[in-house]
Amino acid sequence: MNQNSKNNQTTENKKDVFVTVYLNDIIKALKRFWWVCVAAAVLFGGYSALSQKLNYTPEYQSSVTLTVNTQHADSSVSGISVYTFYYDATTASLLSETFPFILSCNLLQDAICEDLDIPAVPVSLKAEAVPGSNMFTLTAKGRDPQTVYDVLISAIENYPSVAKHVVGNITFDILKQPMVATSPSNDVNYINEAAKGAIIGVFFGLLFIFIYILQRKTVKTKNDIKNELNMEALAVIPQVAFKKRAMPGDKSLLFTNPDIGSGFPESFRVLRNVFISSLKENEKIIMATSSVPGEGKTTIVTNLALALADHSKKILLIDGDIRHPSIAPLLGIDEENIEYETVTDLYKIAYLEKYKLHLLIPTAGEEEESGYFSSGNIKQMFESLRDEYDYILVDTPPCGLISDALFIAQHADAAIFITYQDAVRISRVRNTLDNLMSTDIRILGCVLNGTVQGLSGYGYGYGGYGGYGYGGYGYGNYSGFGGYGQGGWQTYTWDPFRGWTAYGSQQTRQDPEETTELRAARNYIAARHYAEALHV
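Position labels on residues start from 1 in each chain and follow its written sequence. A pLDDT threshold of at least 70 governs which residues receive local features in this predicted model, and a stricter bar of 80 or more applies before side-chain atom pairs are shown or counted, although totals over entire chains, interfaces and linings include all residues. The side-chain numbers reported here are obtained from all heavy atoms of the structure, hydrogens and water having been left aside.

### Focus on helix H8 (residues 297–310)
Secondary structure elements are defined from DSSP: runs of H or I of at least 4 residues count as helices, runs of E of at least 2 residues count as strands, and each element is numbered from the N terminus. In this analysis, the expected span of each helix is defined as 1.5 Å times one less than the number of residues it contains. The terminal C-alpha atoms of H8 lie 20 Å apart, and with 14 residues this matches the ideal 20 Å at 1.5 Å per residue to within 8%. The element H8 is largely enclosed, with a buried count of 13 among its 14 residues. Two residues or fewer after H8 comes Ser312, characterised by a positive phi angle close to 65°. Remark: exposure states derive from per-residue accessible area (1.4 Å probe, protein chains only) relative to the maximum for the residue type, with buried under 20%, exposed over 50%, and partly exposed in between.

### Some remarks on the environment of Pro122
Residue placement: Pro122 occurs in the loop between helix H3 (107–116) and strand E3 (124–129). Taking the C-alpha atoms as reference points, Pro122 and Arg143, separated by 21 residues in sequence, lie 8.3 Å from one another. The contact rule is simple, with two residues in contact once any of their heavy atoms fall within 4.5 Å. The contacts of Pro122, once residues within four sequence positions are left out, are Gly142 and Thr147.

### Some details on the sheet that holds strand E12 (residues 391–395)
Spatial strand order, E6-E14-E13-E7-E12-E8-E11-E10-E9: nine strands in an open sheet with mixed pairing. Among the strands making up the open sheet, the edge pair consists of strand E6 (233–238) and strand E9 (342–343). Strand direction decides the pairing type here: strand E8 (residues 315–319) and strand E11 (residues 357–362), joined by three bridges, are parallel. Note that in E11 the partner of Leu317 across the bridge is Leu359. Helix H10 (residues 377–385) contacts strand E7 (285–290), E8, strand E10 (347–352), E11 and E12 of the sheet and is inclined by roughly 40° relative to E10. Lines are fitted to the C-alpha atoms to define the axes, a helix being fitted only along its stretch in contact, and any angle between axes, read from their N-to-C directions, falls within 0 to 180 degrees. Here helix H12 (residues 426–437) sits on the sheet and contacts E7, strand E13 (414–420) and strand E14 (442–451); the angle it forms with E13, its principal contact strand, is near 170°. Strand pairing follows a simple DSSP-based rule, namely that at least 2 bridges must link the two strands.

### Digging into H12
Given 3.6 residues per turn, any residue in an α-helix points the same way as the ones three and four places further on. In a regular helix each residue adds 1.5 Å, so twelve residues correspond to 16 Å; H12 covers 16 Å between its end C-alpha atoms and thus fits that length. Here H12 has its buried residues at Ile426, Val429, Thr432, Leu433 and Leu436. Along the long axis of H12, the arc covered by the buried residues comes to 120°, so they all point the same way. Where H12 is buried, its residues contact helix H6 (222–228), E7, helix H11 (404–409), E13 and E14. This arc is taken over the directions from the axis of the helix to the C-beta atoms.

### Focus: the pattern of salt bridges
Any Lys or Arg side-chain nitrogen located within 4 Å of an Asp or Glu carboxyl oxygen qualifies as a salt bridge. Across all of its chains, the model carries ten salt bridges by this definition. Where Arg430 meets Glu228, a salt bridge forms, and the shortest distance between an N and an O atom there is 2.8 Å. In this pair, Arg430 is assigned in helix H12 and Glu228 in helix H6, connecting sequence segments 202 residues apart. Here Arg430 falls in the partly exposed class, since its relative accessible area comes to 37%. Between Arg386 and Asp413 there is a salt bridge, and its shortest N-O distance comes to 2.9 Å. Here Arg386, found in the loop between H10 and E12, pairs with Asp413, found in the loop between H11 and E13; they are 27 residues apart in sequence, far enough to count as distant. When its relative accessible area of 19% is taken as the criterion, Asp413 is described as buried. Where salt bridges share partners, they join Lys28, Arg216, Lys220 and Asp422 into one cluster.

### Remarks on the nonpolar core
Grouping buried Ala, Val, Leu, Ile, Met, Phe, Trp, Tyr and Cys residues that are joined through side-chain atoms within 4.5 Å yields what is termed a nonpolar core. The biggest cluster of nonpolar side chains holds 44 residues, and the ones touching the most others in it are Phe275, Leu393 and Ile416. Ranked by the residues each element gives to this core, the list is headed by H8, at eight residues. Ignoring sequence-local partners within four residues, the contact set of Ile416 consists of Leu234, Phe275, Ile286, Met287, Ala288, Thr289, Leu304, Leu444, Gly445 and Val447.

### A word on a negative patch on the surface
On the surface, Asp110, Glu114, Asp115 and Glu157 cluster together into a patch of negative charge. The element that contributes the greatest number of residues to the negative patch is H3, accounting for three residues. Its place among the elements puts Glu157 in helix H4 (residues 145–167). The patch calculation keeps residues exceeding 30% relative accessible area without a salt bridge and links them within 9 Å when they carry like charges or within 5 Å when they are nonpolar (Val, Leu, Ile, Met, Phe, Trp, Tyr). Residue burial considers only the protein chains on display, and all accessible areas are found by Shrake-Rupley using a 1.4 Å probe. Asp and Glu count as negative and Lys and Arg as positive, but His and the ends of the chain are not part of the count. In this description, the location of a charge corresponds to atom NZ of lysine, CZ of arginine, CG of aspartate or CD of glutamate.

### Some words on the packing of aromatic side chains
Two aromatic rings, drawn from Phe, Tyr or Trp (for Trp, its six-membered ring), form a pair once their centres lie within 6.5 Å of each other, and the interplanar angle then sorts them: stacked below 30 degrees, edge-to-face above 60, tilted otherwise. A full pass over the atoms with the stated rule returns seven aromatic pairs. Aromatic pair Phe203 and Phe204: ring centres 5.5 Å apart, planes at 75°, arrangement edge-to-face. Taking relative accessible area as the criterion, Phe203 reaches 52% and is therefore assigned exposed. We call a charge positioned above a ring when the Lys NZ or Arg CZ atom is no farther than 6 Å from the ring centre and deviates by at most 35 degrees from the ring normal. Cation over ring: Lys314 sits above Tyr389, and NZ or CZ is 5.1 Å from the ring centre.

### A few points about a nonpolar patch on the surface
Together, Leu43, Phe44, Ile200, Phe203, Phe204, Leu207, Phe210, Ile211 and Leu214 make up a nonpolar patch on the protein surface, roughly 890 Å² of accessible area in all. For the nonpolar patch, the secondary structure elements donating two or more residues are helix H1 (3–54) and helix H5 (190–215). If you trace the backbone, Phe204 turns up in helix H5. Note on Phe204: relative accessible area 41%, which makes it partly exposed.

### Regarding the side chain of Glu283
Considering the arrangement of structural elements, one finds Glu283 in the loop between helix H7 (263–278) and E7. A relative accessible area of 11% means that Glu283 is categorised as buried. Of note is the side chain of Glu283, whose polar atom sits 2.8 Å from the backbone nitrogen of Lys280. A 3.5 Å cut-off defines polar contacts: any pair of N or O atoms within that distance qualifies, except that in protein one atom must be a possible hydrogen donor and the other a possible acceptor, and neighbouring residues in sequence count only when both atoms are side-chain atoms.

### Some thoughts on the side chain of Asp413
A polar contact is formed between the side chain of Asp413 and the backbone nitrogen of Lys284, at a distance of 2.9 Å. Of the polar contacts made by the side chain of Asp413, one reaches the side chain of Arg386; its length is 2.9 Å.

### A look at the pairing of E8
Burial runs high along E8: five of the five residues are buried. Of the two faces of E8, the one carrying Ile315, Leu317 and Asp319 and the one carrying Leu316 and Ile318 are both buried. Relative to E12, E8 is paired through five bridges, and the arrangement is parallel. Within E12, the position partnered with Ile318 by the bridge is Val394.

### Considering the packing of H7 against H8
In contact at an axis separation of 9 Å, H7 and H8 are set at 75° when each is read in the N-to-C sense. Looking at the two axes, H7 sits roughly perpendicular to H8. Residues Phe264, Phe268, Leu271, Arg272, Phe275 and Ile276 of H7 form the contact with H8, whose participating residues are Thr299, Ile300, Asn303, Leu304, Ala307, Leu308 and Asp310. Orientation is classified from the angle alone, with under 35 degrees giving roughly parallel, over 145 giving roughly antiparallel, 65 to 115 giving roughly perpendicular, and any other angle giving oblique.

### Observations concerning unusual backbone geometry
Of note in the backbone geometry, Asn282 takes a positive phi value of approximately 70° without being a glycine. Position of Asn282 relative to the elements: it lies in the loop between H7 and E7. The class for Asn282 is exposed, based on a relative accessible area of 61%.

Right, here's the structure in full:
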């Protein structure tokens, strides 16, 4: 694959991801604000129907179709002219054209008022010629059906005498006698009116959602992390879901789960290599935090610990969220039924043989939770454990909600910040980072979690890994603040990059004489080159 082909593929992947992210944004907005469209439809539909009902005035209509006969002199006998009448289409058209003028000069109206003995004509009159014939239709509309009928009959009787000044002597033949109207001619279909109003309401509801999407500034891509947060993007973690109706199996969101697909653990191998290369000498205690609950912070730090342990590192994983501990449930263990190697007044440590790492659980009663980290406990704990492990990873509460994370940051060496794709406003993320940086801790970078796959099936940030299952599984449980996780429907896709093992996957053939450090360096360099080639 030449460089131009790679660049073209990268551009297409970026466009694909961009469209997918914003389509996902629209879907989420519709799921969140669907009731706005429904409410607007109900309000506008109800208003339209009600206004029509309140403003409705029934109108009755009577009409008659006439043929026009024009008088002409045929001959003269003994000085006496003989007149005959014949059908004249031109005269019929002329009558309909001159009818508005006849009405405006009040000649016909005065004749009708005098005939019916009324002060004014409470009816509208209209004449219309039938094209290509000597017929024209005279129509009367008004509020009272009997008055409408009477005015129409009077107009038929008086119209020839008024029109003779324009077209000469004429007579009318009535083709069908007019009838008194029995029902209004302007009946309102309230269902149709309500439907029209509902359509307008849905339009305004969708307009509201569109404006909401445009003004909602969240972290959607790695470029947002760099441009909006001025931070390095350490890794992107794909959104993972399992098929709801699948056969029973391991549904844990863990690096060690063989049923989760290759993309998820591969992303943590990338994160592991970038993590190791980003640390300075003697930086061992690393905390992980986020702005709000539900961004997958516990999932990220736990799987990073598993990936490091898989890399032959001695890892201590600390559940620093003492109000809502989540690591043990994620690992599928019961805190009360495991054997602890070390038990002190401040904490207890257990070695988890299955995961090849140590887990530290603080021992604080409910009355001690608020002051556990603000005292010297955390400093004492870190000093006593620092030299026993290669890395100590601390899962902290969301930094934007609880001050515990800030107390931990004062004694940790560095921090990883986790944000969920398109979940938290950029302004809030910035405020959280400002609070975190006020402790002078070094932030290694940001992990973008829960990224959706592109329309073509490629996982975002990888360029080659597709979907990992189907909808229905979330990112843990955080009952104190709300649920973690994102559901959704995704599909398995063919992986055109399956043969690429630059990230140190399990398929990579390793030299038995190669040291762990050299292997990590080789994997990291390969991962960096691959990411630069994809340029995402």
